[in-house]
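# Descriptive analysis of the structure
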Amino acid sequence: MLQEIEKLLVLQDRDQQLKKLHHEQTALPTEKKKLADKLAAARATADAARQRLRDNEVERRKLELEVEAKQGAIARFRQQQQGTRKNEEYQALSHEITHAESQIRALEDRELELMEAAEQLQAPLQSAEAEAKRVESVTREQTAKLEAGATGLSDRIATLEADRAAQAAALPEEVHDLYQRLFKQKGDAAVVPLEAEICGGCHMRTPAQTVILLRAERQLVQCPNCARILYRAL
Ligand SMILES: [Zn+2]
């Protein structure tokens, strides 16, 4: 195998590793955001369950006040009854009292309904709070892992980049330029094996002349179809 090919394959290995690591690095913020979104959603569910219970309490307190007000009114009507001698007025007050009492019963019925509803809200609230806590601990752990991974990733990238630079420096400039142009253009590989006359990059059959040139091992040979640099597969 041409020495240049050997060097190019090492360089390409570093470039492919670097590409993968850069890709992981780019994906990190998205991964972190996904975790944060998951936590926010779990917290929102717990908040909503808490709010439903709070609304229920507020409404119950409002009903209690209304009952108190009605009871106050009844007490006043009774006092007024004691102070009147007019039968008509007495009857009218009795009617007011009966009316207020029936309103109180309706308010108390509603209060009971709300109390039952509050009891039924407890279980979903507790499970939503437990779930929010669970998600919080899981996301905290996973975020820490991602951050630790990010640090490791930067270190690995720096090491690989230094190694890559050393490999690149050992190649003739025109070879390196050709390789780099192809690697960038193709996205996957610039140096590929030729197996049974088939290019490992574009999978097209190459002419016999290409195989002959490659066997001679005197120069770099490119695929006539995709221009990738070829080497003979062992
Ligand atoms: Zn090809």
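None of these values were measured; they are calculated from a predicted model. (Residues numbered from 1 in each chain as written. Predicted model: local features only at pLDDT ≥ 70, side-chain atom pairs only at ≥ 80, totals over all residues. Heavy atoms only, no water.)

### Examining the overall build of the protein
- Each helix and strand in the protein was counted, giving four helices and four strands.
- Overall, the protein shows an N-to-C arrangement of helices and strands of α-α-α-β-β-α-β-β.
- Scaling as 2.2 N^0.38, a compact globule of 234 residues should have a C-alpha radius of gyration of about 17 Å, whereas the protein reaches 41 Å, well beyond that.
- Taking the principal axes of its C-alpha atoms as reference, the protein extends roughly 130 × 35 × 25 Å.
- Taken over 234 residues, the protein has a buried fraction of 29%.
- Total accessible area on the protein stands at roughly 15400 Å², and carbon and sulfur atoms take up 51% of it. (Helix = DSSP H or I, 4+ residues; strand = E, 2+ residues; numbered from the N terminus. Rg over C-alpha atoms; globule rule 2.2 N^0.38 Å. Buried < 20%, exposed > 50% of the residue type's maximum accessible area, 1.4 Å probe, protein only. Areas by Shrake-Rupley, 256 points an atom, 1.4 Å probe, with all protein chains shown as cover.)

### What about the domain arrangement of the protein?
- In terms of domains, the protein is made up of domain 1 (17–170) and domain 2 (172–234).
- Look at where the C-alpha atoms of domain 1 and domain 2 centre, and you get two points 63 Å apart.
- Contacts between the two partners involve four residues from domain 1, matched on the other side by seven residues from domain 2.
- For the pairing of domain 1 and domain 2, the buried interface totals around 330 Å² over both sides, and the portion due to carbon and sulfur atoms is 41%.
- Sorting the residues of domain 1 by area buried against domain 2 places Lys19, Arg164 and Ala168 first, and these three jointly supply 87% of that buried surface.
- Applying the counting rule to domain 1 against domain 2 returns zero salt bridges.
- Summed over the shared surface of domain 1 and domain 2, the number is two residue pairs in polar contact (both at pLDDT 80 or more).
- Grouping the amino acids of the side of domain 1 that touches domain 2 by side-chain chemistry returns two nonpolar, no polar and two charged. (Domains from an automatic or database assignment. Contact = heavy atoms within 4.5 Å. Buried area = accessible area lost by both parts, 1.4 Å probe. Salt bridge = Lys/Arg side-chain N within 4 Å of Asp/Glu carboxyl O. Polar contact = N/O pair within 3.5 Å; in protein donor to acceptor, adjacent residues only side chain to side chain. Nonpolar A, V, L, I, M, F, W, Y, C, P; charged D, E, K, R; others polar.)

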